[in-house]
Amino acid sequence: MKNRLIPIIAALACTSAAGQVSHTLYYMESVPQTNILNPARQPRANKYISVPGANAYVAASTNLRPLDFFQKDGDKWLTPLNNGFDYDDLYDNYKKRLAIDANVNIGILNFGWRTSDGNYWTFSLSERVSADAALPADLLKIGDRGLPSGTVLDFATLGISAMAYSELAASYSYAFDDQWTFGARAKVLAGSAAAKMRNSKFSIRTGEDKWHVETDLEILTSFPLETTGCIKEDGTVEFDSVDVREFDEDRDLIKHLIPSLKNPGFGIDLGATYKFNDNIRFSASVTDLGFISWGRDVSRFKSDGDFDFHGINYNLDNPEHNDDFQNAVDDAVDSVLTNCQVTLNHSRFATGLRPSVYLGAEYTPVYFLNLGFLSHTKFHPTHRVNQDFNISATLNPYKFPASATFGYTINTLGLSSASFGLAVRMGVLQFYAMTDYIPAKYNVYKTTDGDEIPAPHNISNVNVSVGLNLLFGSKGYRDRPMTQTSSIITE
């Protein structure tokens, strides 16, 4: 199993949508996708169609900077895998866990239109992959100290949640009066694959003669695994013998992983905007409230109890064990999996989506300029909350074929960076691209092995949104009377 299943789960975790689009998009009303972050916000275009498959969002973030993993040693850089690395600073920054999340959203179809009474409908179909992983701080003890007798490792913060699914959504923005606009988006979901860990207790105490392990954890998957031949005589699972089900051709596996109604789900987004006066507006939304229930190819591996077994002994102060962190981790994982009693059943399980909360305020001193503030709070299934604050200046001219936003994003982890977005219209065709995090400085780290690794100096987040739209009635009016067009005509 370790040769095939673990890389697949890791790929889900590392290639997976902090929201569906960059929050830099929030105040760019010339780009229809602004509606994704708040279903109450109405795009400027009276009608739009996104070019199928040409809209994408890719993001990844951690709670540590690349700089935290490199230490200068002469003309070389040491990493946690090298002997001589000083772990004290890394312990301070690492806190309880290293948290990683990665997301991808590919828009297959997206279109919308304004109704005669000034309200707005949108429909969309997209493919989404989202994943979060949490690596406990005690993993660093293996690289720092090895595994001498008396070492206590607490892995209770170890976790993973990854899923791939399709999303069919419809939203409606309703102009209640001259001040209030409300919006809602309903989503029907169909899952493709998932992996999740529930971890209440996982600790290891090493000893001279034996190791003691305490577990209360469960690994849940919706994936075509071959488990029929892995049950031992005592009814427990020989975990290392679990493998991916054999398919005659790769396309059969891909076909098997297409979204299924056996993995149904539902989600909802809610939003509102309030026009305080002609120059000031407030807005709020919550997105990705929902869940997916997994019933196809479900496997639930559970370990609950205390176990003693002969362990391994790695001490990285021993010259023979220098730079042997990866082998130490691999051997420790293999030993735990081999000796812990794991049971298996195939009952359904559910995974939640990753909700985000947006709170915004904007000031429009002139009709083409928005000065905005945005708070974005994202809730991760690995018990982590990520908070961003963004200030921006957005140029939304009504006749000029381009709009842009310039901003600055501050993360509560102490990280900050510039943000930028651009939209260009050529006739009815619009191209847009934006990012919330622009690293101002890069370092090239040269390791003791001679490898050169370029990395941002002080940025741990990255996201990019790009897309193509066809816009109709996109110029709008300087005083924005579009929600009252029909009543003006009637009178």
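A quick note: this is a predicted structure, and the numbers were derived from the prediction, not measured.

Next up on the list: the packing of aromatic side chains. Considering all chains together, one arrives at 16 aromatic pairs under this definition. Ring geometry for Y26 against Y27: centres 4.9 Å apart, planes inclined by 80°, an arrangement best described as edge-to-face. Each member of the pair, Y26 as well as Y27, is classed as buried.

Turning our attention to a negative patch on the surface. On the surface, D86, D88, D89 and D92 cluster together into a patch of negative charge. As for its position among the elements, D86 is in the loop between β4 (76-78) and α3 (88-94).

Another point: a nonpolar patch on the surface. A grouping of V366, Y367, F368, L395, F406, F420, L422 and I438 is seen on the molecular surface, where their side chains present a nonpolar patch of about 610 Å² in accessible area. Looking at F420, the relative accessible area reads 31%, which means it is partly exposed.

Another aspect to go through is the pattern of salt bridges. The tally for this structure, following the rule as stated, stands at 16 salt bridges. Put simply, R44 and E29 hold a salt bridge, and the shortest N to O gap is 2.7 Å. Linking R44 in the loop between α2 (34-37) and β1 (47-50) with E29 in the loop between α1 (5-14) and α2, this pair joins segments that are 15 residues apart in sequence. Like R44, the residue E29 is buried in the burial classification. As a salt-bridge pair, K187 and E167 come within 3.7 Å of each other at their nearest N and O atoms.

Here we come to unusual backbone geometry. Although it is not a glycine, D288 adopts a positive phi angle of roughly 60°. Despite not being glycine, D297 has its phi angle at roughly 50°, a positive value. Position of D297 relative to the elements: it lies in the loop between β14 (280-294) and β15 (298-309).

Once that is clear, we can look at the nonpolar core. Ranked by size, the top nonpolar core spans 13 residues in total, and within it L25, Y26, M28, V31 and L37 carry the most contacts. Of all elements in the fold, only α2 and β23 (429-438) reach the threshold of two or more residues within this core. Apart from the residues within four sequence positions on either side, Y26 is in contact with T34, L37, N38, R41, S283, A284, Y358 and L374. I142, I204, W211 and F309 belong to the second-largest nonpolar core, a separate cluster that totals 12 residues.

Moving on, we come to the confidence of the model for the chain. The pLDDT averaged across the chain works out to 80; a share of 79% of its residues lies at or above 70. β14 holds the highest mean pLDDT among the elements of the chain, 95, whereas helix α7 (residues 485-490) holds the lowest, 35. Here residues 1-19 scores under 50 on pLDDT; set against residues more than four positions off or in separate chains, the count is 54 contacts.

Conventions adopted
- Numbering of residues starts from 1 in every chain and runs along the sequence as written.
- Thresholds applied to this predicted model are a pLDDT of at least 70 for local features of residues and 80 or more for the giving and counting of side-chain atom pairs; totals over whole chains, interfaces and linings are not thresholded and use all residues.
- Side-chain metrics rest on all non-hydrogen atoms present in the structure, leaving aside hydrogens and water.
- Aromatic contacts are taken between Phe, Tyr and Trp rings whose centres are within 6.5 Å, Trp giving its six-membered ring; a plane angle under 30 degrees counts as stacked, one over 60 as edge-to-face, and the others as tilted.
- Partly exposed describes any residue whose relative accessible area lies between the buried limit of under 20% and the exposed limit of over 50%, with all areas from a 1.4 Å probe on protein chains only and scaled to the type maximum.
- In this scheme, patches are assembled from residues that exceed 30% relative accessible area and form no salt bridge. Like charges are connected within 9 Å, while nonpolar side chains (Val, Leu, Ile, Met, Phe, Trp, Tyr) are connected within 5 Å.
- Per-residue and other accessible areas were derived by the Shrake-Rupley procedure at a 1.4 Å probe size, with only the shown protein chains allowed to occlude residues.
- Put simply, a salt bridge is a Lys or Arg side-chain nitrogen that is within 4 Å of an Asp or Glu carboxyl oxygen.
- For the purpose of counting charges, residues Lys and Arg are taken to be positive, whereas Asp and Glu are taken to be negative. His and the chain ends are not included.
- Taken as the charge centre is NZ of Lys, CZ of Arg, CG of Asp or CD of Glu, depending on the residue.
- Only DSSP runs of H or I reaching four residues or more are called helices, and only runs of E reaching two or more are called strands; each is numbered from the N terminus.
- Buried residues of nine kinds, namely Ala, Val, Leu, Ile, Met, Phe, Trp, Tyr and Cys, make up a nonpolar core once their side-chain atoms join them within 4.5 Å.
- For this analysis, residues touch if any pair of their heavy atoms sits within 4.5 Å.
- pLDDT gives the predictor's per-residue confidence on a scale running from 0 to 100.

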